[in-house]
Amino acid sequence: MNDETTIIEHAVLERLDHVIDPELGRSVTQLGMIANVTVIPTSDAPFPAVTGSASPALTGDGLNDAARNDPGTAHDDSEDAARSDEYGTTDRAYDVVVDVELTVPGCPLSDQLAAQIEQAVASYPYARLTPRINVGTMSDEKLHALVSDLKAARRENPFNKPGTKTRIFAIASGKGGVGKSSISANLAATFAALGYDTAAIDADIYGFSLPRLFGVHSQPTNLNGMLMPVTSWGVKLMSIGMFAGSDRAILWRGPRLQRSLEQFLADVWWGEPDVLILDLAPGTGDMAISVAQALPNAELVVVTTPQPSASDIAVRSGLVALQVPMQVRGVVENMSYFEHAGERLEIFGAGGGERVSEQLSHALGHDVPLLARLPLDPRIREIGESEGRPAVLNEDGTLRDDDFGDTFVRLARTLIDAYPSSAADDPR
Ligand SMILES: Nc1ncnc2c1ncn2[C@@H]1O[C@H](COP(=O)(O)OP(=O)(O)OP(=O)(O)O)[C@@H](O)[C@H]1O
């Protein structure tokens, strides 16, 4: 190996530092996924070049100008320029063989990663580099070490650590069928579309809905016992429903379903999302207590429909905050009205959201506002359940530019922009 190939090899490795594994959120070099980089002069290229010749890269008409300007391959060009001055490399051509080791064989994101690595290699501006990517799989030993590292890193940054940046919104309802899952899915999709790194957990173990609402049919990747959430519509998702029917579900879950939330938190690689949405099981039961224990920072949002039969029990789901350290952020009234010929018909009556808001404010001693009222709209069911897309999104994943979209954007911003009113002086 001559000096120049060594320099290019280092430059390629530096560029690969900027290639981020989409699932693990770390660079492929940091994860040990680059087993080897070999730089070989291409046989039919002019070699060696005349040292000190004018460099096309430096005069602005060089190779890969577009790639140089790509922020994804941001790099300290002054160092490269010095190298180019020294070696005059711009008319040289090399094959760059990159041996990539994936964490699991047949990783669904391997094509995406390979393309990013190719782009990073080809973006080197001072020589013509032809990437040759060999994709393999990590040895069990290496994978074991990587997963141990990740687990250690995760322990340093759990969701319940004071000062964690992740805001956790737990969506609760007194009874089933009021739209808690639909609201969880649409709220998560809204946060993601607004640019927040967003995760969602289906904590409704027996009545899971999120896979269907997000059109997820795949299973999470299992990295030696650590699971990667499945990303859909920009949201990192985890649900027991992704395992239904598989042997792995039974093995992983065991008989202790009530401890599922802790397992979702402990066994899944979440990184550090800005927002975590929890779709709780209906009722006032064990799951809310589990959430409060595992995630004391969680903020509860209570969903109700307008009729008293729903709102009375919704109040009880909020009163759980009297027993456990959990902040109740507000109330969302769903199926509030149906718009027909310009008129708002209150099919399920009126006032449920306000009643829940007033009663919880009174009982908890701080303001529990009515945050939003959502219409009864058949598209919520049709798009969510049949098409596997949260109805707040257009087909291209952008937010709907109408009342429905605006309501969710306002709800998301209200939740994220303000901290719970009583958090600062809550002695718990
Ligand atoms: N605003 C709405 N307009 C029309 N249909 C809605 C609306 N909100 C929810 N739905 C539909 O109502 C049904 C129940 O909604 P969803 O599953 O979200 O409720 P849930 O409270 O999570 O119920 P469960 O806890 O039983 O899963 C679904 O078919 C859903 O598509």
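Residues numbered from 1 in each chain as written. Predicted model: local features only at pLDDT ≥ 70, side-chain atom pairs only at ≥ 80, totals over all residues. Heavy atoms only, no water.

Per an unreviewed UniProt entry, the chain is named Iron-sulfur cluster carrier protein, and its organism is Bifidobacterium castoris. Its UniProt record gives the chain the following Sequence similarities (unreviewed entry) comment, quoted word for word: "Belongs to the Mrp/NBP35 ATP-binding proteins family." (UniProt positions renumbered as here; feature names shortened; annotations may be inferred.)

### As for the overall build of the chain
From N to C terminus, the chain includes 15 helices and 15 strands. A burial count over the chain gives 52% of its 428 residues as buried. Relative to all contacts within the chain whose residues are 6 or more apart in sequence, the contacts with residues 24 or more apart total 79%. Accessible surface, the chain: about 18900 Å² in total, of which carbon and sulfur atoms supply 51%. (Helix = DSSP H or I, 4+ residues; strand = E, 2+ residues; numbered from the N terminus. Buried < 20%, exposed > 50% of the residue type's maximum accessible area, 1.4 Å probe, protein only. Contact = heavy atoms within 4.5 Å. Areas by Shrake-Rupley, 256 points an atom, 1.4 Å probe, with all protein chains shown as cover.)

### Things to note about the site of the ligand
In the region of the ligand, 18 residues are neighbours, and Gly177, Ser181, Ser182, Pro375 and Glu385 sit closest. Between Gly179 and the ligand, the recorded distance is 2.9 Å, taken from a backbone N or O atom to an oxygen atom. Protein burial of the ligand: of its 620 Å² of free accessible surface, 81% is covered by the chains. Put simply, the parts of the chain that give the shell around the ligand at least two residues each are α7 (180-193) and α14 (378-387). (Near = heavy atom within 4 Å. Polar contact = N/O pair within 3.5 Å; in protein donor to acceptor, adjacent residues only side chain to side chain.)

### Description of the sheet that holds strand β12 (residues 327-333)
Across the sheet, 8 strands lie side by side as β8-β9-β5-β10-β4-β11-β12-β15; this open sheet has mixed pairing. Strand pairing shows two members of the sheet lacking a second neighbour, β8 (230-232) and β15 (370-373), which therefore form its edges. Neighbouring strand axes in the sheet, compared pairwise and without regard to direction, differ in orientation by 25° on average. Strand direction decides the pairing type here: β12 and β15, joined by 3 bridges, are parallel. (Pairing = 2+ DSSP bridges. Axes fitted to C-alpha atoms, helices over the stretch in contact; angles between N-to-C directions.)

### What about the environment of Leu370?
For Leu370, the location among the structural elements is in strand β15. Given the relative accessible area of 27%, Leu370 is considered partly exposed. Sequence separation between Leu370 and Glu354 is 16 residues; the distance between their C-alpha atoms is 6.3 Å. When sequence neighbours within four positions are dropped, the list of residues in contact with Leu370 reads Val331, Glu333, Gly353, Glu354 and Ser357.

### Overview of the sheet that holds strand β2 (residues 93-102)
A sheet is described by the order of its strands in space; here 3 strands give the open sequence β1-β2-β3, paired in mixed fashion. Among the strands making up the open sheet, the edge pair consists of β1 (34-41) and β3 (128-137). Shown here is a sheet whose adjacent strand axes are inclined to one another by a mean of 15°, direction ignored. In this structure, β1 lies alongside β2, joined through 7 bridges in antiparallel fashion. Looking at β2, one finds that Val37 is bridged to Val98. Across the sheet, helix α1 (residues 3-16) lies against β1, β2 and β3, angled at about 140° from β1, the strand it touches most. In the packing of helix α5 (residues 110-122) onto the sheet, the strands contacted are β1, β2 and β3, and the crossing angle to β3 comes to about 150°.

### With respect to the packing of helix α12 (residues 308-319) against helix α13 (residues 352-364)
Each packed pair of helices is defined by two parameters, the angle between the axes and the distance between the axes. Running from N to C, α12 and α13 point in directions that differ by 30°, and their axes come no closer than 9 Å. Comparing the axis directions of α12 and α13 gives the class roughly parallel. The interaxial crossing formed by α12 with α13 has right-handed handedness. Along the contact surface, α12 presents Pro308, Ser311, Ala314, Val315, Gly318 and Leu319, while α13 presents Gly352, Arg355, Val356, Gln359, Leu360, Ala363 and Leu364. Partitioned by chemical class, the residues of the contact of α12 with α13 number 8 nonpolar, 4 polar and 1 charged. (Parallel < 35°, antiparallel > 145°, perpendicular 65-115°, else oblique. Left-handed = near helix turned anticlockwise from the far one by under 90°. Nonpolar A, V, L, I, M, F, W, Y, C, P; charged D, E, K, R; others polar.)

### Considerations on the UniProt feature "binding site: ATP" (unreviewed entry) in the chain
In the numbering used here, UniProt assigns the feature "binding site: ATP" (unreviewed entry) to Gly174, Lys175, Gly176, Gly177, Val178, Gly179, Lys180 and Ser181. Mapped onto the elements of the fold, Gly176 is located in the loop between β4 (167-173) and α7. Tracing the backbone shows Val178 in the loop between β4 and α7. For Val178, a relative accessible area of 3% translates into the label buried. With residues up to four places along the chain from it excluded, the contact list for Val178 reads Ser173, Val303, Thr305, Ala310, Asn334 and Met335.

### Considering the pairing of β2
Successive residues of a regular strand alternate their side chains across the two faces of the sheet. With 8 of 10 residues buried, β2 is to be regarded as a mostly interior element. Relative to β3, β2 is paired through 10 bridges, and the arrangement is parallel. The residue bridging Val100 from the neighbouring strand is Val135, located in β3. Tracing the backbone out of β2, into α5 and back to the parallel element β3 gives a crossover that is right-handed. (Right-handed = clockwise from strand over helix to strand, strands pointing away.)

### As for the packing of α7 against helix α15 (residues 403-417)
It is the contact of α7 with α15, at a shortest axis distance of 9 Å, that shows an interaxial angle of 80°. In this view, α7 runs roughly perpendicular relative to α15, as classed from their interaxial angle. Together, Ile183, Asn186, Leu187, Thr190 and Phe191 of α7 and Phe404, Phe408, Val409, Leu411, Ala412, Leu415 and Ile416 of α15 make up the contact between the two elements. Of the residues contributing to the contact of α7 with α15, the split by class is 10 nonpolar, 2 polar and no charged.

### Focus: α15
Given a rise of 1.5 Å per residue, 15 residues ought to cover 21 Å, and the 20 Å separating the end C-alpha atoms of α15 matches this to within 8%. Turning to α15, its buried residues are Phe404, Gly405, Thr407, Phe408, Val409, Leu411, Ala412, Leu415 and Ile416. Among the residues of α15, the N-terminal cap falls to Asp402, whose side-chain oxygen and the backbone nitrogen of Phe404 are separated by 3.2 Å. (Expected span 1.5 Å × (residues − 1).)

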